[in-house]
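# Topology and contacts: notes
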Amino acid sequence: MLVTDDTTLVKRSRYAVAAVFCVHGSVTGSFATRVPWIQEHAGVSAGQLGLALAFPALGAALMMPLAARVSHRFGTRTALRGLLALWTLALILPSLAPGLLTLCAALLIYGGTAGMADVAMNALGVEVEHRLNKSIMSGLHGLWSVGALLGSAVGTVAAHAGLSAQIHHAVAAVVLTVVGAVVCQFVLNIHPEDDEEPPARFALPPKSALLIGAVGFCAVFAEGASLDWSAVYLRDILDSSAGVAAGATTGFALTMAIARITGDAVVDRFGAVRTVRWSGVIAALGGLLVVLAPNAIVAMAGFGLIGVGIAVVVPLAFAAAGHAEGNSSHAIAGVATITYASGLVAPSIIGGIAQASNLTISFIVVTALAAGLAVFAPVLRTRSRTRVAD
């Protein structure tokens, strides 16, 4: 296939895709801060809310395979513009739900549109990375985290001001939809060749995606376990105060965001395989610190190392999927589905192990999975691919 050689166009697309990642993250941050309001408005219990919050992952898993077909049919620019708009507008739905069933339905749509937009923007990010011939995926995911922080900051202000989530999310959805539509004008517009077969509407992930997804699974499992259980670990195992325990979660999220934003330089210097191999070592050392920690400070340092270690793994997994043989969007959808599933089941598995034994044993499992990153890093070795763009 032919590749356009317009460096300015590709660089412009890089910044546009980065803005798309930030918009996508802003929707997540906007939603997360208003979950208590949504729970109260829908009149659901904590257990019912937990059930409803499983539906975004289910919707994403069901709908992500369709993103490849949409991109094939309309081209990457139009597809991304449309899918991102569906995602930003879907932010309105959960706050309108008057009960459990409608909330589950709203979150199913919310997750489905999130997943399709996620696949489209990651596929385009991989293509831009290839044309620039340097790593950008870690930074793009770092900007997603920045967007999530911005969205949550605005949501916190709205909540403190007593603004209903319905008004807050309606305004946020309109603003983010407009911003998304504008920045999507500047992304690469890639079309398949005339004789290229469209991807199947629904198909099992290719074998390459399964192997890459397994690496992503390990990283997202460690992420979900650390985010949801780090504060509980410090409180229950190390008898820390609520404030100190909460600091572990904040520190973990912060170190991971910083590592993602700065991770591209490391990947360019050492390559994806060596970076993930050492990332696994760092994350495993962090897990050991958590398991063996005699006090809260050591445990917090361990969670910080886990954050640094796993930060670039998922972006590199998407990059490897995008460079695999066959349709890149299909492969990315497969990897995304596996990683989404990991994020969904990790907190429950950690809780189940803790119930059967204790949280220390749970984080021994996390440490083992982190070590697995070092062992299976070679599956993230990328291959060259080209596409047609205008």
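Residues numbered from 1 in each chain as written. Predicted model: local features only at pLDDT ≥ 70, side-chain atom pairs only at ≥ 80, totals over all residues. Heavy atoms only, no water.

## Quick look at the overall build of the protein chain
The helix and strand inventory of the protein chain stands at 15 helices and 2 strands. Expressed as a percentage of its 390 residues, the buried residues of the protein chain come to 53%. Residue pairs at least 24 apart in sequence account for 86% of intrachain contacts in the protein chain once pairs closer than 6 positions are excluded. Of the roughly 16,300 Å² that the protein chain leaves accessible, carbon and sulfur atoms contribute 68%. (Helix = DSSP H or I, 4+ residues; strand = E, 2+ residues; numbered from the N terminus. Buried < 20%, exposed > 50% of the residue type's maximum accessible area, 1.4 Å probe, protein only. Contact = heavy atoms within 4.5 Å. Areas by Shrake-Rupley, 256 points an atom, 1.4 Å probe, with all protein chains shown as cover.)

## Remarks on the confidence of the model for the protein chain
Reading fine detail from the predicted coordinates is not recommended where pLDDT is low. Taken residue by residue, the protein chain gives an average pLDDT of 85. The fraction at 70 or more is 90%. Looking at the elements of the protein chain, mean pLDDT is at its lowest for strand β2 (residues 388-389), recorded as 46, and at its highest for helix α8 (residues 165-184), recorded as 96. In the predicted structure, residues 1-5 sits below a pLDDT of 50 and forms 12 contacts with residues beyond four places in sequence or in another chain. With pLDDT under 50 throughout, residues 384-390 is counted as low confidence; its partners more than four residues away or in other chains account for 35 contacts. (pLDDT = per-residue confidence, 0-100.)

## Structural notes on the nonpolar core
By size, the foremost hydrophobic cluster in this structure holds 108 residues, and its most contacted members are L234, F303, I310 and F363. At 15 residues, the largest contribution of residues to this core is made by helix α6 (residues 100-132). Beyond its immediate sequence surroundings of up to four residues, F363 is in contact with A225, S226, W229, Y233, V290, V291 and F303. (Core = buried A, V, L, I, M, F, W, Y, C linked by side-chain atoms within 4.5 Å.)

## Comments concerning the packing of α6 against helix α7 (residues 137-160)
The relative placement of two packed helices comes down to the angle between their axes together with the axis-to-axis distance. With their axes 10 Å apart at the nearest point, α6 and α7 run at an angle of 145° to one another. Between α6 and α7 the crossing geometry is right-handed. Contacts between α6 and α7 involve M121, N122, G125, V126 and E129 on the former and, on the latter, M137, L140, H141 and W144. Grouping the constituent residues of the contact of α6 with α7 by class yields 5 nonpolar, 3 polar and 1 charged. (Axes fitted to C-alpha atoms, helices over the stretch in contact; angles between N-to-C directions. Left-handed = near helix turned anticlockwise from the far one by under 90°. Nonpolar A, V, L, I, M, F, W, Y, C, P; charged D, E, K, R; others polar.)

## Description of the side chain of N189
Position of N189 relative to the elements: it lies in the loop between α8 and β1 (190-191). According to the relative accessible area criterion, N189 is buried, its value standing at 11%. Reaching out from N189, the side chain makes a polar contact with the backbone nitrogen of R77 at a distance of 3.4 Å. (Polar contact = N/O pair within 3.5 Å; in protein donor to acceptor, adjacent residues only side chain to side chain.)

## A closer look at the packing of helix α1 (residues 7-32) against α8
Running from N to C, α1 and α8 cross one another at 170°; their axes reach a closest spacing of 9 Å. By the angle between their axes, α1 is roughly antiparallel relative to α8. Within the contact between the two elements, α1 uses A16, A19, V20, V23, S26, V27, S30 and F31 and α8 uses H168, H169, A172, L176, V179, G180, V183 and C184. Broken down by class, the residue content of the contact of α1 with α8 amounts to 11 nonpolar, 5 polar and no charged. (Parallel < 35°, antiparallel > 145°, perpendicular 65-115°, else oblique.)

## A word on the environment of P315
With respect to the secondary-structure elements, P315 resides in helix α13 (residues 313-322). Considered as a pair, P315 and V232 are 83 residues apart in the sequence and their alpha carbons are 28 Å apart.

## Quick word on helix α2 (residues 35-42)
All buried positions along α2 are accounted for by V35, I38 and A42. For α2, the arc enclosing every buried residue in end-on projection is 60°, short of the 170-degree limit, so these residues lie on one face. Pointing more than 90 degrees away from the buried face of α2 are the exposed residues P36 and E40. Where α2 terminates, the next one or two residues include G43, which has phi positive at roughly 65°. (Arc of directions from axis to C-beta.)

## Section: a nonpolar patch on the surface
On the surface, W278, V281, L285, L288, L289, L292 and L305 cluster together to form a nonpolar patch covering roughly 650 Å² of accessible area. In terms of residue count, the dominant contributor to the nonpolar patch is helix α11 (residues 272-292) (6 residues). Locating V281 in the fold gives a position in helix α11. (Patch = residues over 30% accessible without salt bridge, like charges linked within 9 Å, V, L, I, M, F, W, Y side chains within 5 Å. Salt bridge = Lys/Arg side-chain N within 4 Å of Asp/Glu carboxyl O.)

## As for the pattern of salt bridges
In total, this model carries 2 salt bridges according to the counting rule given. Residue R131 pairs with E127 through a salt bridge whose shortest N-O separation is 2.9 Å. Remark: E127 and R131 occur in helix α6; sequence separation between them is 4 residues, near one turn of the helix. R131 sits in the buried class, given a relative accessible area of 15%.

## What to know about the state of the cysteines
With the rule as written, the count across this model stands at 0 disulfides. C22 forms no disulfide, and the closest cysteine sulfur to it belongs to C184, at a distance of 13 Å. A relative accessible area of 18% means that C22 is categorised as buried. (Disulfide = S-S within 2.5 Å.)

## Quick word on the packing of aromatic side chains
The tally for this structure, following the rule as stated, stands at 6 aromatic pairs. R73 extends its terminal NZ or CZ atom over the ring of F74, reaching a point 4.9 Å from the ring centre. (Phe/Tyr/Trp six-rings, centres within 6.5 Å; stacked < 30°, edge-to-face > 60°. Lys NZ or Arg CZ within 6 Å of the ring centre and 35° of its normal.)

## A short note on the environment of L84
Note on placement: L84 falls in helix α5 (residues 76-90). Using a relative accessible area of 2% as the deciding quantity, one classes L84 as buried. Here the alpha-carbon distance between L84 and F21, two residues 63 residues apart in the chain, equals 9.9 Å.

## Points about the environment of A32
Within the secondary structure, A32 sits in helix α1. Between the alpha carbons of A32 and A148 there is a distance of 9.0 Å; along the sequence they are 116 residues apart.

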